[in-house]
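# Breakdown of the fold
Residue-level listing of the chains:
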Amino acid sequence: MKRITAILLVLVMLLALSACGTVIDESTINHMYNTVYDIQEQIDILSERIDAQLEAAEQAAAKAAEEAAAAAAAKAEEEAAAAARKAVLDAADHELPVNAMVLNGTTGFSMAKLIHDAQNGSAALNYAFSVETDASNISAALISGDCDIAALPTNAAATLYNRTEGGVQLAAINTLGVLYLVENTESVSVEAMSDLEGMTVYAPAQNPTILFNIMANAAGVDVAVDNTYAQPADLRTAIAAGEVDLAVLPEPMVTIALSANESLAVALDLTSVWDSLETPGSLVQGCIVFRTAFVREHPAEAAAFLAEYADSVAYLTDDPAGAAQCIEETGIFPQAAVAQKAIPNCNICLITGQEMKDAMNRFAEILYAANPDAVGGAVPGDDFYYLG
């Protein structure tokens, strides 16, 4: 195209010169052609650059507009959420005494900031918190009416529901799987459940043993489970001292054990193992429950608690160091440094509504099939679930 354009321009120039009586030889014509061709080529290059710059400018403008729209939408969503949160908190009775109990350890980690706020007088509701080392104390208080809200293991919540014939409701799942298989690397090497065939694994009594047996059976592995060290802290001490080679431990006991013995390592993340063998996401170990009478009599305060609790969970995710300090100060766990290191492995979450119900119902079904007593003799009914 450039060649044709150059020829046409030269012809026009020749006609103009001819009209003036100028005689043009062949070399001059060639020179004119080459000059015109070069000029046209430079014009085309410049035109392509301008087009590219215009296209880039248009793309940049479109991207900026898209980002501005996204930012505006995010801001609007944030403002709407803040307005909704304020409305929920404003609707609550700020003077009503609300008694809450928390099991120490990972189940209570996500409540630490809210407890801290309540102790400093900056929480919206009139909370009275206590941190317990024994879940049976929490169950007794929920039954007697001395506790309105509690953080405890999910199997304990299901058992309590059955024991009280619906006296508690599940409000949220706050912890997924916290179990890990720890190995002494100087003695054993485990990379998969199949590697455990014929071996002995030590596990704390009750729930950890039940869950590990479920996984071993699902994987088709013949492994002996020893409950000599019934408490997680005792088993942590034993494996750190080299008395056992394989141990099922929850966080933060895993972090403490690994810090005490450099020969120890996490062999298997048992949450990942569970998800590969059972319904993914159905290993739910920690939860929040409401006393059913409390939520029926005080629905606004129940909703307000969940709004404040969501902030507490978000704080732990956003600022693990600050949350760890709160965890220590509130007595949920005595060592902030250990808590901070363990938090990323604790699978802390906030799952409510239908997603909560689906996950917990499946977990209860699996536990019931393995050991009916683990959930109080029956899979909880639909009224177990607080759906707002």
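Above: the structure in question.
Quick look at the structure, then. (Residues numbered from 1 in each chain as written. Predicted model: local features only at pLDDT ≥ 70, side-chain atom pairs only at ≥ 80, totals over all residues. Heavy atoms only, no water.)

### A short note on the overall build of the protein
Scanning the protein from terminus to terminus reveals 15 helices and 11 strands. The C-alpha atoms of the protein give 34 Å as radius of gyration, which overshoots the globular expectation for 388 residues (21 Å, by more than 25%). Going through the 388 residues of the protein one by one, you find that 44% of them count as buried. Summarising the internal contacts of the protein: among those between residues at least 6 apart in sequence, 75% fall at separations of at least 24. (Helix = DSSP H or I, 4+ residues; strand = E, 2+ residues; numbered from the N terminus. Rg over C-alpha atoms; globule rule 2.2 N^0.38 Å. Buried < 20%, exposed > 50% of the residue type's maximum accessible area, 1.4 Å probe, protein only. Contact = heavy atoms within 4.5 Å.)

### Re the packing of aromatic side chains
By the definition in use, this model includes 10 aromatic pairs. Taken together, a centroid distance of 5.6 Å and an interplanar angle of 10° make the contact between F305 and Y309 stacked. Residue F305 and its partner Y309 are both found in helix α12 (residues 299-318); the two are separated by four residues, about one turn of the helix. Ring geometry for F384 against Y385: centres 5.1 Å apart, planes inclined by 65°, an arrangement best described as edge-to-face. A relative accessible area of 0% means that F384 is categorised as buried. Overall, Y385 belongs to the buried group, its relative accessible area being 5%. Three or more aromatic residues joined by ring pairs form one cluster here, namely Y127, F129, F290, F305, Y309 and Y386. The aromatic ring of Y315 is capped on one face by K113, whose charged end is 5.0 Å from the ring centroid. (Phe/Tyr/Trp six-rings, centres within 6.5 Å; stacked < 30°, edge-to-face > 60°. Lys NZ or Arg CZ within 6 Å of the ring centre and 35° of its normal.)

### Overview of a nonpolar patch on the surface
A cluster of nonpolar side chains, contributed by L46, I50 and L54, occupies part of the molecular surface with about 280 Å² of accessible area. With respect to the element layout, I50 can be found in helix α2 (residues 26-91). On the accessibility criterion, I50 (41% relative accessible area) is partly exposed. (Patch = residues over 30% accessible without salt bridge, like charges linked within 9 Å, V, L, I, M, F, W, Y side chains within 5 Å. Areas by Shrake-Rupley, 256 points an atom, 1.4 Å probe, with all protein chains shown as cover. Salt bridge = Lys/Arg side-chain N within 4 Å of Asp/Glu carboxyl O.)

### A few points about the nonpolar core
Formed by 59 residues in total, the largest nonpolar core has its most connected members in F109, M111, L249, I288, F290, F305 and I327. It is α12 that provides the largest number of residues to this core, a total of eight residues. Counting residues in hydrophobic clusters, the runner-up holds 57 residues, among them L142, V190, C287 and I366. (Core = buried A, V, L, I, M, F, W, Y, C linked by side-chain atoms within 4.5 Å.)

### Here's the deal with the pattern of salt bridges
Applying the stated criterion across every chain, the model contains seven salt bridges. We note a salt bridge from D90 to K86, for which the minimum N-O separation is 2.7 Å. Highlighted residues: D90 and K86, both in helix α2, separated by four residues, approximately one helical turn. Judged by relative accessible area, which is 48%, D90 ranks as partly exposed. Here R362 makes a salt bridge to E365, at a shortest N to O gap of 3.3 Å. Highlighted residues: R362 and E365, both in helix α15 (residues 353-370), separated by three residues, approximately one helical turn. Among the charged side chains, a network of salt bridges with common partners joins E278, R362 and E365.

### Quick notes on α15
Its 18 residues place the ends of α15 26 Å apart at the C-alpha level, agreeing with the 26 Å of an ideal helix rising 1.5 Å per residue. Three or more residues of α15 are buried, namely G353, M356, K357, A359, M360, F363, A364, I366 and L367. In the core, the buried residues of α15 are packed alongside α6 (154-163), β4 (168-175), α7 (207-219), α10 (270-277) and β11 (348-351). (Expected span 1.5 Å × (residues − 1).)

### Observations concerning the sheet that holds strand β2 (residues 126-132)
Judged by pairing direction, the sheet is mixed, and its six strands sit side by side in the order β2-β1-β3-β10-β4-β11 without closing on themselves. This sheet does not close on itself; its edge strands, each paired only once, are β2 and β11. Ignoring strand direction, the axes of neighbouring strands in this sheet form an average angle of 25°. (Pairing = 2+ DSSP bridges. Axes fitted to C-alpha atoms, helices over the stretch in contact; angles between N-to-C directions.)

### Focus: unusual backbone geometry
Peptide bonds are trans in most cases, and residues, glycine excluded, mostly fall at negative phi. P252 follows E251 through a cis peptide bond whose omega is 5°. Checked against the element boundaries, P252 lands in the loop between β8 (246-250) and α9 (253-260). In this model, Q206 sits at a positive phi of 65°, which is unusual for a non-glycine residue. With respect to the element layout, Q206 can be found in the loop between β6 (200-202) and α7. On the basis of relative accessibility, which here comes to 66%, the residue Q206 falls in the exposed class. You will see that N347, though not glycine, has its phi angle at about 55°, which is positive. Of note, N347 is situated in the loop between α14 (336-342) and β11.

### Considering the side chain of T154
Mapped onto the elements of the fold, T154 is located in helix α6. Given the relative accessible area of 1%, T154 is considered buried. Setting aside residues up to four positions removed in sequence, T154 forms contacts with V284, Q285, G286, C287, M360 and F363.

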